[in-house]
Amino acid sequence: MKTQIRSIALGAAAALALSTAAFAGPGGAGHGHGDETAYGKPGDPKKKARIVQVSMTERDGKMLFIPDRIEVRRGEQVRFQLRNKGELDHELVVATLEENLKHAIEMQKNPDMEHDDPNAKRLAPKKNGEILWQFTKAGEFDFSCLIPGHREAGMTGKIIVK
């Protein structure tokens with residue numbers, strides 16, 4: 001009986017570890033930090049980057065990114081300088097709209113999920129951070145705050161790569 005209980009406990013622990021790893025970041029399982037995605041790849045700190053300042057805040061019952069629309073050229077590297085000017089934690093996650101919507105569902109299940117991905121940064125109130133990203137493909141991409149309720153309150157934006 002003890003062996004059976006221990007086997008069940010070990011199996012449950014292994015399943016939990018695997019499911020946590022699969023949803024640890026916006027890119028999902030196997031999303032390495034140097035991998036190119038549909039929306040680009042991590043930037044190279046040794047190369048020149050255009051600075052784009054993005055503020056995160058709450059105002060008039062809405063949650064906002066300012067600006068919420070950013071245009072870049074294909075191949076351009078961008079250093080997003082992030083400032084959380086709000087009273088709540090916020091994050092900025094760059095991805096395809098489909099990936100961000102899928103990851104938002106996982107965030108609902110685990111709202112305290114920590115991201116360790118080059119395309120995502122979570123900031124406490126009044127804190128600053130940055131994301132360095134190179135947009136290697138043309139298209140329209142999403143940036144969102146995936147903390148439950150924030151995207152739904154308006155905290156989303158669009159990156160247009162020409």
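So, a few notes on the structure that sits alongside this text. (Residues numbered from 1 in each chain as written. Predicted model: local features only at pLDDT ≥ 70, side-chain atom pairs only at ≥ 80, totals over all residues. Heavy atoms only, no water.)

**A look at the nonpolar core**
1) Next: The biggest cluster of nonpolar side chains holds 25 residues, and the ones touching the most others in it are Phe80, Phe135 and Ile159.
2) Next: Broken down by secondary-structure element, the contributors of at least two residues to this core are strand S2 (50-59), strand S3 (62-66), strand S4 (69-72), strand S5 (77-84), strand S6 (90-95), strand S8 (128-134), strand S9 (139-144) and strand S10 (156-161).
3) Next: For Phe80, the contacting residues outside a window of four places in its chain are Val52, Val54, Ile70, Gly129, Glu130, Ile131, Trp133, Phe135 and Ile159.
4) Next: Formed by six residues, the second largest nonpolar core is a distinct cluster that contains Val93, Met107, Met113 and Leu146. (Core = buried A, V, L, I, M, F, W, Y, C linked by side-chain atoms within 4.5 Å. Buried < 20%, exposed > 50% of the residue type's maximum accessible area, 1.4 Å probe, protein only. Helix = DSSP H or I, 4+ residues; strand = E, 2+ residues; numbered from the N terminus. Contact = heavy atoms within 4.5 Å.)

**Remarks on the packing of aromatic side chains**
1) Next: Applying the stated criterion to the full structure yields three aromatic pairs.
2) Next: With a centroid separation of 5.4 Å and 20 degrees between ring planes, the pair formed by Tyr39 and Trp133 is classed as stacked. Here Trp133 lies in strand S8 and Tyr39 lies in the loop between helix H1 (2-22) and strand S1 (41-42), a separation of 94 residues in the sequence.
3) Next: Here Tyr39 falls in the buried class, since its relative accessible area comes to 0%. (Phe/Tyr/Trp six-rings, centres within 6.5 Å; stacked < 30°, edge-to-face > 60°.)

**Overview of the pairing of S2**
Successive side chains on a regular strand alternate, one facing one side of the sheet and the next facing the other.
1) Next: Sheet analysis places S2 next to S5, joined by seven bridges and oriented parallel. Counterpart to Ser55 in the pairing with S5 is Arg83.
2) Next: Between S2 and S3, which follow one another and run antiparallel, lie two residues, and Asp60 among them has a positive phi close to 50 degrees. (Pairing = 2+ DSSP bridges.)

**A word on the sheet that holds strand S7 (residues 120-123)**
1) Next: Taken in spatial order, the five strands line up as S4-S10-S9-S6-S7 in an open sheet, and their pairing is mixed. Pairing within the sheet leaves two strands with one partner each, and these edge strands are S4 and S7. Across this sheet, the average inter-strand angle for adjacent strands is 20 degrees, counted without regard to direction.
2) Next: The pairing of S6 with S7 spans four bridges and is antiparallel. Residue pairing for S7: Val93 is matched across the bridge by Ala120.
3) Next: Sheet strands in contact with helix H2 (residues 97-109) are S6, S7 and S9, and its direction is about 140 degrees off that of S6. (Axes fitted to C-alpha atoms, helices over the stretch in contact; angles between N-to-C directions.)

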